[in-house]
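# Structural characterization, general
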Amino acid sequence: MVERILLIGGSANDFGQETEGDAASFQVADTLLARKYEVFIIDDNPFSFTLGRHDIVAIQTEVTTNNILQAITDYNITAIFPTVGGLTAIRLVEEVVEILGDNAPKILGIRPVLMGAVQNSKILQERLAQLKQPVIKTRLASNMEEVFDAARDFEFPVVVRPVAPMGQTLRLQIESADELEAAAERALARSLTKQVNIDQSIAGYQEISLVVVRDRHDTMLVVGGIEDLDPVGIHTADSIAVTPIQTLPDPLYQRLRQTAFILARGFEVTGVLEVRFAVAKDSERYVVTRITPYYDRGAALVTTATGYPLVPVMTGLMLGETLEKTQIPSNYAKYTALIEPSMDHIVMRFPVFPFDELEESGQTAQHRLDTVQKSVGATIGVGRSLEEALEKSLRAAHFSNRSFSPTVMNALSDNEIIEQLIYPRDNRILVLLEALKRGYTVDELAELTKIDAFYFYKLRNIMQLERAVSENVFNADVLKDAKYYGLSDGLIARLWRDTYPNIRRYRWDNGILPTYKAFEPSAGEFEEAVSQFYSTFETENETTRLGTDSALVIGAGAFRLGDGAAASNVMASVAEELGNNQIKTIIMNNNPHDLTAIPRLADKHYFEPLEISDVMNVIEVEQPTRVFVPGNRIKLISSLREMGIRVKVIAKDKYLPASVLGDGEQTVINYFYDGKDLHIIAIGHQDNQGIMLDQNALTQHLLDTLPKPKLTIVTPGMYQLIVDRLPIERTITADDIRPMPFMHLNFMEKVTGVSWIRMVVRFMIERVTEADYELLAHWLDHAWPMPTATLRYAKADMIGHLKISGELDNGPFAMGARYYALKNDEVK
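Residues numbered from 1 in each chain as written. Predicted model: local features only at pLDDT ≥ 70, side-chain atom pairs only at ≥ 80, totals over all residues. Heavy atoms only, no water.

For the chain, an unreviewed UniProt entry supplies the name carbamoyl-phosphate synthase (ammonia) and the organism Weissella oryzae. Note on the chain: under the UniProt heading Sequence similarities (unreviewed entry), the record states "Belongs to the CarB family." (UniProt positions renumbered as here; feature names shortened; annotations may be inferred.)

Below you can see the structure in the form of structure tokens.
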């Protein structure tokens, strides 16, 4: 009998849950299908790329225990793959096992004790004690009296955490008794068991993570290690992270490595396990703070950074294969899965915060960083030195953030500098640089911030390099050093008070050109046809032009509020459709969690900032015949056109700001535009909670009479007309038509069963099929898989994370959404 394997999707995106799980799900499906398994996925995330596949069974329903049980019965599921849906999937699978007992399908890769330990720190602490591993002192509390008793025993500061949290975990560092009651109430409300843990604080320790894999024969290896620049006390998602580990003494690293192996063995893991440590380097003491037996942002970072095929390997091990014999993609050397990756480069992950976007809309938010996550996404920078990786990640992350302006730093008083050194904010890296410029010593800064002195020496190098550049205008030797350490042409232009084109021309005239290096798991020791690259300024180049007819797809960049996951899905679909039409495809992006990072979506991947200088460098190497850019990159699109590049824009509109706040509702007419004519495809209604589509709302009469103004643009795309009601009582012109928000486009595809963005691509590249024309000509005859459905924006805890007040317009600021079919009596 063929195994029928169910993947548990991650449901709505939220803080700490971007698109890395969906990217892993897509690759797991590939791996399982290659082994002839039948694959099913249950999810209600309208932005899921995996749900859009036609070679697996997509169960489009709310991700709950009851619905998983129903799917097991309906589809005769024989095994469950629990490690791509985050913490929620682990919790739901544990509940399924409790209900079905011995009749439950096989749970691949994770034993029941591990599922319990991931959710309940008491179980984790007990198991760590059995394995003789160091742990944080902690007490379980079910009421306020127990909470205060524990806090008195440990002394402040303490950390309050919910047991078995709903959604992502929550850590609240409390400095005094005055703050404790409110924090405990909040944590208790997030706990499914109505219990909290009170932990002794380890603020100031260094955070280290190791990602390991283990097979059923107890063979283990470390895939990668991650070092947080910021100490414990700042949420790890808000910290700047570096891989490989930079500052740990090797004997201490080896102890952590052995501990990770002991835990993988002790919990009987087959597959992947991330172990997080807090380390007091002055004494070399450490404690285990968390274990993560599923694919999350740490696993995504080391996968990208090393080039190691973690998802195929993890999947094979969970199926019972060994590291020696597991099947991996053919472009890797035979024993890649069995060899610990080596890195000859540095990767830095830089968090992206939403403060600017919120404050432009009149919202206030708390910029101070603490144990509660405030970032909504991240980018990476890759280089041969830490300076280069930092420069690239910084400009990749904050292409339009006023907080990162040098002018803001210059305006800070000395007291404000000290305050922000002790209580860091989102732009702390520039505060550190400013402190160095004002004469603070490395030792003083290391003591104030608890950041390793190594990083301040690196920041001082950058400061001295920028000074040398500004003092040596149009000096080729200084320019060569600046480019080697990652300074962009745009920054050099500002330092030299000149223009980007002049800097670029001067660099070319002096032979200062980028070279590209491959992400090779063996650091070049074995012959591997690796397709992932980053730039540096050295002599040897490891990439060549892909071909005479290729397409460059620019990714959406970091996950941001509004349509981060939806934009990721759209650009991944663009890339895959180009490949389906036998066009050599290159993806350029800077987000390790993004769907465009899936290896098979392109012939080549470049992990680079999405600034004009970096994009032009890739264009000069690859000379693509087509360049696709998402519509949010307005500045990049304009700059490319100024450089004479013909750009194909994937038109988008986040949402009309403040359009449907309160109880307002609007009618939405949705169009497909083929480059000449508008085709009406659906009528919907939207409010501040979401959008509803009803196939029956579009009658032949409306199809014939609704406005289809003549557009002056020639680029195919998806568009909308927003009106208060039907019939329309005013004249509609082309100016009234707006690009469709990516979140609505994703929902439209799921509900209608048509991949509209792929059709847009086919019209753009003139590969339209007869089936496309037939569909548009007889659209009313097309049967929707979900004739009536609604998308509802997920309620992320914006108040708890960002301390905002007032009502948000969910269109531009929602983090995620869910969707479901409506019954007849639910339709207005």
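Once the structure has been displayed, the description carries forward.
## A few points about the domain arrangement of the chain
One can read the domain layout of the chain as domain 1 (4-108), domain 2 (138-200), domain 3 (209-343), domain 4 (351-512), domain 5 (516-650) and domain 6 (666-821). Taking only C-alpha atoms, the centre of domain 4 and the centre of domain 5 are 24 Å apart. Every contact between the two is made by 27 residues of domain 4 and, on the other side, 27 residues of domain 5. Together domain 4 and domain 5 conceal approximately 2,500 Å² of surface at their shared face, both sides included; 58% is due to carbon and sulfur atoms. Taken together, the connections running from domain 4 to domain 5 amount to five salt bridges. Residue Arg384 pairs with Glu538 through a salt bridge whose shortest N-O separation is 3.1 Å. At the junction of domain 4 and domain 5, the tally comes to eleven residue pairs in polar contact (both at pLDDT 80 or more). (Domains from an automatic or database assignment. Contact = heavy atoms within 4.5 Å. Buried area = accessible area lost by both parts, 1.4 Å probe. Salt bridge = Lys/Arg side-chain N within 4 Å of Asp/Glu carboxyl O. Polar contact = N/O pair within 3.5 Å; in protein donor to acceptor, adjacent residues only side chain to side chain.)

## Regarding the sheet that holds strand 19 (residues 550-554)
Pairing is mixed across the open sheet formed by seven strands, whose spatial order is 17-18-21-20-19-22-23. Two strands in the sheet have a free side with no partner beyond their single neighbour: strand 17 (515-518) and strand 23 (647-650). The mean inter-strand angle of the sheet, taken between neighbouring strand axes irrespective of direction, is 25°. Relative to strand 22 (residues 626-630), strand 19 runs parallel, the two being bridged by three bridges. If you follow Ala551 over to strand 22, its bridge partner there is Arg626. Strands strand 19, strand 20 (584-589), strand 22 and strand 23 of the sheet are contacted by helix 21 (residues 564-580), whose axis makes an angle of about 170° with strand 19. (Pairing = 2+ DSSP bridges. Helix = DSSP H or I, 4+ residues; strand = E, 2+ residues; numbered from the N terminus. Axes fitted to C-alpha atoms, helices over the stretch in contact; angles between N-to-C directions.)

## Examining the sheet that holds strand 26 (residues 690-694)
Read across the sheet, seven strands follow the order 28-27-24-25-26-29-30 without closing on themselves; strand pairing throughout is antiparallel. Two strands bound the open sheet, and with one partner strand each, they are strand 28 (737-739) and strand 30 (817-821). Ignoring which end each strand starts from, the neighbouring axes of this sheet average 30° apart. Against the sheet, helix 25 (residues 742-752) touches strand 24 (666-673), strand 25 (678-687), strand 26, strand 27 (717-723), strand 28, strand 29 (788-793) and strand 30, its axis set at about 150° to strand 29.

## Remarks on unusual backbone geometry
Look at the link from Thr243 to Pro244: it is a cis peptide, with omega at 0°. By the secondary structure assignment, Pro244 is in the loop between strand 12 (241-243) and helix 8 (250-266). In this model, Leu726 is joined to Pro727 through a cis peptide bond whose omega is -5°. Structurally, Pro727 is set in the loop between strand 27 and strand 28. Despite not being glycine, Glu766 has its phi angle at roughly 60°, a positive value. Relative to the assigned elements, Glu766 resides in the loop between helix 26 (756-764) and helix 27 (770-777). Since its relative accessible area comes to 70%, Glu766 is described here as exposed. (Buried < 20%, exposed > 50% of the residue type's maximum accessible area, 1.4 Å probe, protein only.)

## A closer look at the pairing of strand 20
The buried fraction of strand 20 amounts to five of the six residues, a majority that puts the element mostly inside the structure. Relative to strand 20, strand 19 is paired through five bridges, and the arrangement is parallel. Across the sheet, the residue bridging to Leu552 is Ile586, located in strand 20. A crossover links strand 19 with its parallel partner strand 20, the connecting element being helix 21, and its sense is right-handed. (Right-handed = clockwise from strand over helix to strand, strands pointing away.)

## Thoughts on helix 16 (residues 442-449)
Because an α-helix completes one turn every 3.6 residues, residues spaced three or four positions apart along the sequence face the same direction. Of all the residues in helix 16, the buried ones are Val442, Leu445, Ala446 and Thr449. Viewed end-on, helix 16 has its buried residues packed into an arc of 100°, placing them on one side of the element. Exposed and oriented more than 90 degrees from the buried face of helix 16 are Asp443 and Glu447. Where helix 16 is buried, its residues meet strand 11 (220-231), helix 14 (414-422), helix 15 (428-437) and helix 17 (453-471). One or two positions beyond helix 16, positive phi appears at Lys450, with a value near 65°. (Arc of directions from axis to C-beta.)

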